[in-house]
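Examination of the molecular architecture
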Amino acid sequence: MDQKEEKNLEIVTDAIINRCQDLKDAISQFILKLENEALNWPNVLDNFALISGQVNTVLKILRNEKAPTLRNKIVLPLVLSQDRDEELAKLTENRVPCFNHALVPDYLRTKPDPEVEAREQAFIAKCSTMPMDMAQKQITAVTKIVNNVLDTVKANRDAWENDSGQRANAQQTSSLADTGALICAITMGKGLKHTAGSPKGQPTNPQAPTQQPSRPASGGKVPSAIKTNIKSAGSMHPYAR
């Protein structure tokens, strides 16, 4: 590899790393919003559009004419160590603290895991033995289910948008000033009529007796009217005709 090609490879690699980091940040923010916020459908579509645009940016870099073909490059570990590598841990956000013999087969493999590859080959063989008419029937059934789900989602979305529009355009039937005055009247008695002798601002009791007993005189004696009533009541026999 000459110096010019090596420089070009370094530039392309740095660009891919930066774009992948932006893509990773967008996905992390979207997951955080899904877990902690109540997103509506337009916000979800905006986040998907952002992620899709960043994926297309990465693919555009890889398909550029000046970009070297990365599949023709071979990555080999230069150093294997069981000791912690702080620089590697920083680059991988502490996911890979050290590059040892256990991690090399997983991070530098060019083919799937043997067990996964065997299962994939089994699925491919099973699909190749299926008759074409049966496969077409299954494709038609799945397409019908997906279309029904899409129609249901679109219908509910239209109904939700219409309902939201009607609520936004509905005439307001309440008044903030009246609500505030009612709260002040209930809690503090503000604006209610009060009679003489009752504290100002306190509502009067409509069920209270109209005649209130007068207070005793300064000497502790009861007025004569009350005394007369008490004597007449005491002199009457309960069984007298």
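Residues numbered from 1 in each chain as written. Predicted model: local features only at pLDDT ≥ 70, side-chain atom pairs only at ≥ 80, totals over all residues. Heavy atoms only, no water.

**Things to note about the overall build of the protein chain**
Using the following cut-off: We count a stretch as a helix when DSSP gives it H or I for four or more residues in a row; a strand needs E for two or more, and each element gets its number in order from the N terminus. Burial here depends on accessible area, computed with a 1.4 Å probe over protein chains only, as a share of the maximum for the residue type. Under 20% is buried, over 50% is exposed, and the range in between is partly exposed. Only heavy atoms enter the contact rule, under which two residues are in contact if any of them lie within 4.5 Å.
Along its length, the protein chain carries eight helices and zero strands. Its helices and strands in sequence order give the protein chain the pattern α-α-α-α-α-α-α-α, from N to C terminus. Counting across all 241 residues of the protein chain, residues that qualify as buried make up 10%. Considering only intrachain contacts with a sequence separation of at least 6, the fraction spanning at least 24 residues in the protein chain is 38%.

**Focus: helix 7 (residues 176-188)**
Using the following cut-off: Helix span, expected: 1.5 Å multiplied by one less than the number of residues in the helix.
Helix length check: helix 7, at 13 residues, gives a terminal C-alpha distance of 18 Å against a target of 18 Å (1.5 Å per residue), a fit within 8%. Positioned one or two residues after helix 7, G189 has a phi angle of 70°, which is positive.

**Digging into the packing of aromatic side chains**
Using the following cut-off: Only Phe, Tyr and Trp rings are paired, with Trp represented by its six-membered ring, and only when their centres lie within 6.5 Å; those with planes under 30 degrees apart are stacked, over 60 edge-to-face, the remainder tilted.
If you walk through the whole model with that rule in mind, you get one aromatic pair. Relative to F48, the ring of F30 has its centre 5.3 Å away and its plane inclined at 70°; by these criteria the two rings are edge-to-face. Placement of F30 in helix 1 (residues 3-36) and of F48 in helix 2 (residues 41-62) is noted, with a sequence separation of 18 residues between them. In this structure F30 comes out as buried when scored by relative accessible area, which is 9%. The class for F48 is partly exposed, based on a relative accessible area of 47%.

**Description of the pattern of salt bridges**
Selection rule: The term salt bridge refers to a pairing of a side-chain nitrogen on Lys or Arg with a carboxyl oxygen on Asp or Glu at a separation within 4 Å.
Across all of its chains, the model carries eight salt bridges by this definition. Between E117 and K111 there is a salt bridge whose closest N-O contact spans 3.6 Å. In this structure E117 comes out as partly exposed when scored by relative accessible area, which is 25%. Three or more residues are tied together by salt bridges with common partners; here these are K24, E93 and R95.

**What about the nonpolar core?**
What counts, and what does not: Each nonpolar core is a collection of buried residues, namely Ala, Val, Leu, Ile, Met, Phe, Trp, Tyr and Cys, held together in the definition by side-chain atoms within 4.5 Å.
If you look at the biggest cluster of nonpolar residues, it comprises five residues: L23, A26, F30, V44 and I51. Residue assignment for this core shows that the elements contributing at least two residues are helix 1 and helix 2. It is helix 1 that provides the largest number of residues to this core, a total of three residues. Contact partners of F30, with chain neighbours within four places excluded, come to L39, V44, N47, F48 and I51.

**Section: the environment of V96**
Among the structural elements, V96 can be located in the loop between helix 3 (86-91) and helix 4 (104-107). A residue is classified by how much of its surface remains accessible, and V96, at 4% relative accessible area, is buried. The spacing of V96 and E86 is 10 residues in sequence and 9.6 Å in space, taken between C-alpha atoms. When near neighbours in sequence (up to four residues on either side) are disregarded, V96 contacts L88, A89, L103 and Y107.

**Some points on the layout of surface pockets**
What counts here: Lining residues are defined by having an atom within 4 Å of a point belonging to a cavity or pocket. Those points lie on a 1 Å grid over the protein atoms alone, cavities being sets where a 1.4 Å probe fits but cannot get out and pockets being open sets with protein on both sides within 12 Å along at least five of seven lines. Grid points are joined across faces, edges and corners, and a volume is the space filled by probe spheres set on the points.
Roughly 1000 Å³ of volume is contained in the largest pocket. Listing elements by their share of the lining of the largest pocket, those giving two or more residues are helix 1 and helix 3. When residues in the lining of the largest pocket are grouped by element, the largest group, seven residues, is from helix 1.

**Things to note about the environment of I27**
You can see I27 is positioned in helix 1. Since its relative accessible area comes to 35%, I27 is described here as partly exposed. Sequence spacing of I27 and L50 is 23 residues, and the spatial spacing of their C-alpha atoms is 9.3 Å.

**Overview of the packing of helix 1 against helix 2**
To keep it simple, the criterion reads: Each axis is a line fitted through C-alpha atoms, and for a helix only the stretch in contact is used; angles between axes span 0 to 180 degrees, taken between their N-to-C directions. Each angle is binned into one of four classes, with values under 35 degrees roughly parallel, values over 145 roughly antiparallel, values of 65 to 115 roughly perpendicular, and all other values oblique. For a crossing to be left-handed, the near helix must be turned anticlockwise from the far one by less than a right angle; the clockwise case is right-handed. Here the nonpolar group is Ala, Val, Leu, Ile, Met, Phe, Trp, Tyr, Cys and Pro; Asp, Glu, Lys and Arg are the charged ones; every other residue, Gly included, is treated as polar.
It is at 10 Å that the axes of helix 1 and helix 2 come closest, and there the two elements cross at 165°. Looking at the two axes, helix 1 sits roughly antiparallel to helix 2. In the packing of helix 1 onto helix 2, the handedness of the crossing is left-handed. Of the residues in helix 2, those in contact with V12, A15, I16, R19, C20, D22, L23, A26, I27, F30 and K33 of helix 1 are V44, N47, F48, L50, I51, Q54, V55, T57, V58, I61 and L62. Partitioned by chemical class, the residues of the contact of helix 1 with helix 2 number 16 nonpolar, three polar and three charged.

**A closer look at a negative patch on the surface**
Put simply, the rule reads: Only residues above 30% relative accessible area that lack a salt bridge enter a patch, with like-charged residues linked at up to 9 Å and the nonpolar side chains Val, Leu, Ile, Met, Phe, Trp and Tyr linked at up to 5 Å. Using a 1.4 Å probe, accessible areas were evaluated by the Shrake-Rupley method; residue-level cover was limited to the displayed protein chains. A residue counts as positive if it is Lys or Arg and as negative if it is Asp or Glu; His and the chain ends are not included. Where a charge sits is defined by one atom per residue type, namely NZ (Lys), CZ (Arg), CG (Asp) or CD (Glu).
A contiguous patch of negative charge on the surface is contributed by D2, E6, E10 and D14. Its location among the elements puts D14 in helix 1.

**Digging into the environment of K33**
Locating K33 in the fold gives a position in helix 1. Taking C-alpha positions, K33 is 9.5 Å from V44, a pair spaced 11 residues apart along the chain. Not counting chain neighbours up to four residues away, the residues in contact with K33 comprise L39 and N47.

Purely spatial values, then, with no claim about function.
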